[in-house]
Amino acid sequence: MEIRFTKEQYEDLVKLVYLGTWMVNAFRTDDRVKKFDELEQYILSYFKEFGLKQSIIYDNDLKEYFVAKELEEGELDQYIDDYNNDNFWDELIYRLARRDLIREYGEDKVTKMTWQERLEKEAPFIEKYEEEFEEHGIERIEAQG
């Protein structure tokens, strides 16, 4: 089987593969998902055929391909920053809402709720935190103790 890409499509594929591999392996050390690293290396290995000599670098010592610093620190880091920011607020809101739902109804009762019931009862807590963080960010979050 053969798949054909334009130069622009290949460049977008490189970006997607980089971002996907980053998401899966960014916080891993000894337990990296090697199949994604290998696929990334395979995709990057075609950089010369697509004329992307400025976007991808081959390190002879490490015997690996890397996305060039300019591409990584520009567009790709911006996607990662946007993702991290959105994910932070989403996680914070939903974890606090779930905590408050459990405090209100008890863990046993919450686990027995249907997903519709849980969603309905959790919605006011979600809205409360969305409004709080939209208006004040993290300014009013304080540690107790």
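Parameters and conventions
- Residues numbered from 1 in each chain as written.
- Predicted model: local features only at pLDDT ≥ 70, side-chain atom pairs only at ≥ 80, totals over all residues.
- Heavy atoms only, no water.
- Helix = DSSP H or I, 4+ residues; strand = E, 2+ residues; numbered from the N terminus.
- Rg over C-alpha atoms; globule rule 2.2 N^0.38 Å.
- Contact = heavy atoms within 4.5 Å.
- Areas by Shrake-Rupley, 256 points an atom, 1.4 Å probe, with all protein chains shown as cover.
- Lys, Arg positive; Asp, Glu negative; His and termini not counted.
- Charge placed at Lys NZ, Arg CZ, Asp CG, Glu CD.
- Patch = residues over 30% accessible without salt bridge, like charges linked within 9 Å, V, L, I, M, F, W, Y side chains within 5 Å.
- Salt bridge = Lys/Arg side-chain N within 4 Å of Asp/Glu carboxyl O.
- Buried < 20%, exposed > 50% of the residue type's maximum accessible area, 1.4 Å probe, protein only.
- Expected span 1.5 Å × (residues − 1).
- Bend = angle between axes of the 7 residues up to and from the residue.
- Pairing = 2+ DSSP bridges.
- Axes fitted to C-alpha atoms, helices over the stretch in contact; angles between N-to-C directions.
- Parallel < 35°, antiparallel > 145°, perpendicular 65-115°, else oblique.
- Left-handed = near helix turned anticlockwise from the far one by under 90°.
- Nonpolar A, V, L, I, M, F, W, Y, C, P; charged D, E, K, R; others polar.
- Core = buried A, V, L, I, M, F, W, Y, C linked by side-chain atoms within 4.5 Å.

**Remarks on the overall build of the chain**
Assigned secondary structure in the chain consists of 5 helices and 2 strands. Along the chain, helices and strands appear, N-terminal first, in the series α-α-β-β-α-α-α. A compact globule built from 145 residues should have a C-alpha radius of gyration of about 15 Å, whereas the chain, at 22 Å, is more than 25% larger. Its C-alpha atoms give the chain principal-axis dimensions of roughly 60 × 35 × 30 Å. Considering only intrachain contacts with a sequence separation of at least 6, the fraction spanning at least 24 residues in the chain is 55%. Element-wise, carbon and sulfur atoms account for 50% of the exposed surface of the chain, whose accessible area totals about 11300 Å². Across the chain, the centroid of the 21 positively charged side chains sits 5 Å from that of the 38 negatively charged ones.

**Section: a negative patch on the surface**
A cluster of acidic side chains, namely Asp-81, Asp-82, Asp-86, Asp-90, Glu-127, Glu-130, Glu-131, Glu-134 and Glu-135, defines a negative patch on the protein surface. Within the residue set of the negative patch, elements represented by two or more residues are helix H3 (69–105) and helix H5 (115–136). Take Glu-130: it is sitting in helix H5. According to the relative accessible area criterion, Glu-130 is partly exposed, its value standing at 36%.

**Notes on H5**
The terminal C-alpha atoms of H5, which comprises 22 residues, lie 30 Å apart, in line with the 32 Å expected from a rise of 1.5 Å per residue. When the local axis directions of H5 are compared, the greatest deviation, roughly 35 degrees, occurs at Glu-122, which is followed within four positions by the proline Pro-124. Inspection of H5 places Glu-122, Phe-125, Ile-126, Tyr-129, Glu-132 and Phe-133 among the buried residues, and these make up the whole buried set. Next to the buried residues of H5 lie H3. Directly after H5, the chain includes Gly-137, whose backbone phi takes a positive value near 60 degrees.

**Focus: unusual backbone geometry**
Of note, Lys-63 is a non-glycine position whose phi angle comes to about 60 degrees, a positive value. Relative to the elements of secondary structure, Lys-63 occurs in the loop between strand S1 (56–59) and strand S2 (64–67). Using a relative accessible area of 58% as the deciding quantity, one classes Lys-63 as exposed.

**Some points on the pairing of S1**
The sheet contact formed by S1 and S2 spans 4 bridges and is antiparallel. Across the sheet, Ile-56 pairs through a bridge with Val-67, a residue of S2. Between S1 and S2, which pair antiparallel and follow one another directly, the connecting turn spans 4 residues, one of which, Lys-63, has a positive phi of 60 degrees.

**With respect to the packing of helix H1 (residues 7–25) against H3**
Between H1 and H3, the shortest axis-to-axis distance is 11 Å and the interhelical angle comes to 50 degrees. By the angle between their axes, H1 is oblique relative to H3. For the pair H1 and H3, the sense of crossing is right-handed. Facing H1, whose interface residues are Lys-15, Tyr-18, Leu-19, Trp-22 and Met-23, H3 presents Leu-71, Glu-72, Glu-75, Leu-76, Tyr-79, Ile-80, Tyr-83 and Asn-84. Of the residues that constitute the contact of H1 with H3, the class distribution is 9 nonpolar, 1 polar and 3 charged.

**Focus on the nonpolar core**
With 16 residues, the main nonpolar core has Tyr-10, Val-14, Ile-56 and Val-67 as its most contacted residues. Among the elements that line this core, the one with the most residues is H1, at 5 residues. Contact partners of Tyr-10, with chain neighbours within four places excluded, come to Phe-5, Ile-43, Leu-44, Ser-45, Tyr-46, Phe-47, Phe-50, Leu-52 and Ile-56. Ranked by size, the runner-up nonpolar core spans 11 residues in total, among them Ala-97, Leu-101, Val-110 and Phe-125.

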